[in-house]
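# Commentary on secondary and tertiary structure
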Amino acid sequence: MVKNELKSIKILAQKEIEKAKNLKELNRVFKKYLGKKGKLSLILGSLKELPLEERKKIGKKANELKNVLEGKFDKKIQEIRKQAKKGIGKKEWVDVTIPGKKIALGHLHPLTLIKREVCQIFQQMGFEVVEGPEIETEWYNFDALNIPKDHPARDEWDTLWLRQNKLLLRTHTSPVQIRYMEKHKPPLRIIALGKVFRHEATDASHEMQFYQVEGLMVGKEISVANFKAVIQEFFGKFFKKPIKVRLSPDYFSFTEPSFDISITCVVCGGKGCSVCKRTGWLEMMGAGTVHPSVFKNSGLDPKNWQGFAFGMGLDRLAMMKYKINDIRLFHSGDLRFLKQF
Ligand code: FA5
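Conventions we followed
Numbering of residues starts from 1 in every chain and runs along the sequence as written. This being a predicted model, a pLDDT of at least 70 is required before a residue's local features are given, and a value of 80 or more before pairs of side-chain atoms are given or counted; all residues contribute to the totals for chains, interfaces and linings. Working from all heavy atoms in the structure, the side-chain values ignore hydrogens and water. Near, as used in this document, describes a residue that has one of its heavy atoms within 4 Å of the molecule or strand being considered. Here a polar contact is taken to be a pair of N or O atoms separated by no more than 3.5 Å, where protein atoms must pair a possible hydrogen donor with a possible acceptor and residues adjacent in sequence count only if both atoms sit in side chains. Working definition of accessibility: Shrake-Rupley area with a 1.4 Å probe, residue cover restricted to the visible protein chains. Each helix corresponds to a stretch of at least 4 residues labelled H or I by DSSP, and each strand to a stretch of at least 2 residues labelled E; elements are numbered beginning at the N terminus. The criterion is simple. A nonpolar core is a set of buried Ala, Val, Leu, Ile, Met, Phe, Trp, Tyr and Cys residues joined through side-chain atoms within 4.5 Å. Each residue is placed in one exposure class: buried if its accessible area under a 1.4 Å probe, protein chains only, is under 20% of its type's maximum, exposed if it is over 50%, and partly exposed if it falls in between. We call two residues contacting when some pair of their heavy atoms lies within 4.5 Å. Paired strands, in this sense, are two strands between which DSSP finds at least two bridges. Helices are assigned an expected span. That span is 1.5 Å times one less than the residue count. Basic side-chain nitrogens of Lys or Arg form a salt bridge, by our definition, when they fall within 4 Å of a carboxyl oxygen of Asp or Glu. Interaxial angles span 0 to 180 degrees and are taken between N-to-C directions of axes, which are lines fitted to C-alpha atoms, for helices over the stretch in contact. The scheme is simple: roughly parallel for angles under 35 degrees, roughly antiparallel for over 145, roughly perpendicular for 65 to 115, oblique for anything else. Charged residues are taken to be Asp, Glu, Lys and Arg, nonpolar residues to be Ala, Val, Leu, Ile, Met, Phe, Trp, Tyr, Cys and Pro, and polar residues to be all remaining types, Gly included.

### Structural notes on the site of the ligand
Close contacts around the ligand come from 25 residues, with His172, Ser174, Arg198, Glu207 and Gln212 the closest. Between an oxygen atom of the ligand and a side-chain N or O atom of Arg198, the distance comes to 2.9 Å. Glu207 is positioned such that a nitrogen or oxygen atom in its backbone is 3.0 Å from a nitrogen atom of the ligand. For the ligand, the protein covers 91% of the area, taking 680 Å² as the surface of the free molecule. Those elements that provide at least two residues to the shell around the ligand are β6 (209-219), β9 (281-290) and β10 (306-313).

### Some points on the nonpolar core
Core analysis: the largest hydrophobic core is formed by 48 residues, its most contacted members being Val118, Phe122, Phe234, Phe235 and Phe310. The element contributing the most residues to this core is helix α8 (residues 224-239), with seven residues. Every residue in contact with Phe235, bar those within four places of it in the chain, is listed here: Lys240, Lys241, Ile243, Val245, Ile263, Met284, Met285, Met312 and Leu317. Ile147, Ile178, Leu300 and Trp305 belong to the second-largest nonpolar core, a separate cluster that totals 26 residues.

### Notes on the side chain of Ser253
By the element assignment, Ser253 lies in the loop between β7 (245-252) and β8 (255-264). Beyond its immediate chain neighbours, meaning those up to four positions away, Ser253 contacts Leu145, Asn146, Ile147, Ala153 and His291.

### Points about the pairing of β10
The buried fraction of β10 amounts to seven of the eight residues, a majority that puts the element mostly inside the structure. In this sheet, β10 lies alongside β6 in antiparallel orientation, the contact comprising eight bridges. Pairing of Val213 across the sheet is with Met312, part of β10. Pairing analysis gives five bridges linking β9 to β10, with the strands arranged antiparallel. Looking at β10, one finds that Gly288 is bridged to Ala309.

### What to know about the environment of Thr289
Looking at the element boundaries, Thr289 is found in strand β9. Relative accessible area serves as the criterion here: at 13%, Thr289 is assigned to the buried category. Distance in space between the C-alpha atoms of Thr289 and Val218 is 9.5 Å, their sequence separation being 71 residues. Ignoring any residue separated from it by four or fewer positions in sequence, one finds Thr289 in contact with Val224, Phe254, Thr255, Glu256, Pro257, Gly307 and Phe308.

### As for the sheet that holds strand β3 (residues 160-161)
Consider a sheet: its strands pair through backbone hydrogen bonds, and that pairing is either parallel or antiparallel. Overall, antiparallel pairing links the three strands, which are arranged β2-β4-β3 in an open sheet. Since the sheet does not close on itself, it has two edges, and those belong to β2 (135-137) and β3, each with one partner. Pairing analysis gives three bridges linking β2 to strand β4 (residues 167-169), with the strands arranged antiparallel. Looking at β4, one finds that Glu136 is bridged to Leu168.

### Here we look at helix α5 (residues 110-124)
The first and last C-alpha atoms of α5 sit 21 Å apart over 15 residues, in line with the 21 Å expected at 1.5 Å per residue. Looking only at α5, the buried set comprises Pro110, Leu111, Ile114, Glu117, Val118, Cys119, Ile121 and Phe122.

### Some thoughts on the pattern of salt bridges
This structure, assessed with the given rule, holds nine salt bridges. For Glu79, the salt bridge is made with Lys76, and the minimal N-O distance between the two is 3.6 Å. Here the residue Glu79 and the residue Lys76 both occupy positions in helix α4 (residues 52-86), the gap between them amounting to three residues, near one helical turn. One salt bridge in this structure joins Lys240 and Glu117, with 3.4 Å as the shortest N-O distance. You can see Lys240 sitting in the loop between α8 and β7 and its partner Glu117 sitting in helix α5, a full 123 residues away along the chain. Salt bridges sharing partners connect three or more residues here, namely Glu117, Lys240 and Lys321.

### Remarks on unusual backbone geometry
The amide bond that connects Pro186 to the next residue, Pro187, takes the cis arrangement and shows omega of 5°. A cis amide bond links Glu256 with the next residue in sequence, Pro257, at an omega value of 0°. Along the chain, Pro257 turns up in strand β8. A positive phi angle is found at Lys240, which is not glycine, with a value near 60°. Its identity as a non-glycine residue notwithstanding, Arg278 has a phi of 65°, on the positive side.

### Overview of the packing of α5 against helix α10 (residues 314-322)
Interaxial distance between α5 and α10 falls to 10 Å at its minimum, and their mutual angle equals 100°. As the angle between them shows, α5 and α10 are arranged roughly perpendicular. Contacts between α5 and α10 involve Pro110, Leu111, Leu113, Ile114, Lys115, Glu117 and Val118 from the first element and Leu314, Asp315, Leu317, Ala318, Lys321 and Tyr322 from the second. Of the residues assigned to the contact of α5 with α10, the class counts are nine nonpolar, no polar and four charged.

This is the structure:
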């Protein structure tokens, strides 16, 4: 009978040792069979009650089984420890209290913000937003704008020429005036916004790549008075306060008469400060009434149409709005600057 019991202990104990997933479970199996009150320990303890012959036989078998099981336990302990080191058998879990990874949100560049705002204000006044190419022909950038080849006015635009076919990087957005009027009959109101390029030394207020906003309004009896009203309304909305606009005589071959446009300094309100060089005025753009040759070169009869045009630096507009003292910061890629917007 005891013999049978030993047989069943052998089978069951080995199975349970094999099944144990961790040391806790293995310990439970150990206690069940080899602990003080374990099944095999009880048999070993009761040997003395058996007759001598049987005691010898059963004793031998029971001790052999004890050794086998102890060996199996040792082996299993090693196996469980090895697996724990590798992380096998560890239950996967998610700690929902750990703060998540913050995804850095991008934001718009200050010049993009200004571009959008400028478009919106002019659109509210009925202007259409149009585009033109950055690589231009000599005709559109100069000749059609009444700046013939050897005219000294060409020197004002430090041009970056491309090798092929006398192409160039546009020096201003004014060529869009011609391109648009070639294809559209007045009355018309447009702004063209984009990058322009000049081969010039950079400083705090000059870049070699910058943005311009070109404006053009053509119709019957469009005068300088219309221009002044439109531009005053624009600056008022843009700076969110009443702004005085000053027109001083200037020269552009594509407008006649031409003006240099200044506004009351937005920093000091016209009292005079370092930004406006103590004058109380800030120069913002060139403008004038469309020259008859420009109408002719666009296929329009100058006797039938009148209009005004203007061109302002978008970067300088942004500098005024955000009180930035160096234009070169816009393209510096300096995150300390860019993250402020
Ligand atoms: C022109 O480019 C004319 N096409 C403007 C115009 C359009 C006049 C239509 C009449 C009718 P000007 O070179 O002054 O003009 O440039 C216009 C504006 O661009 C300047 O007032 C200034 O705000 C900006 N600007 C000019 N050069 C630079 C530069 N290097 N860096 C940044 N902004 C500049």
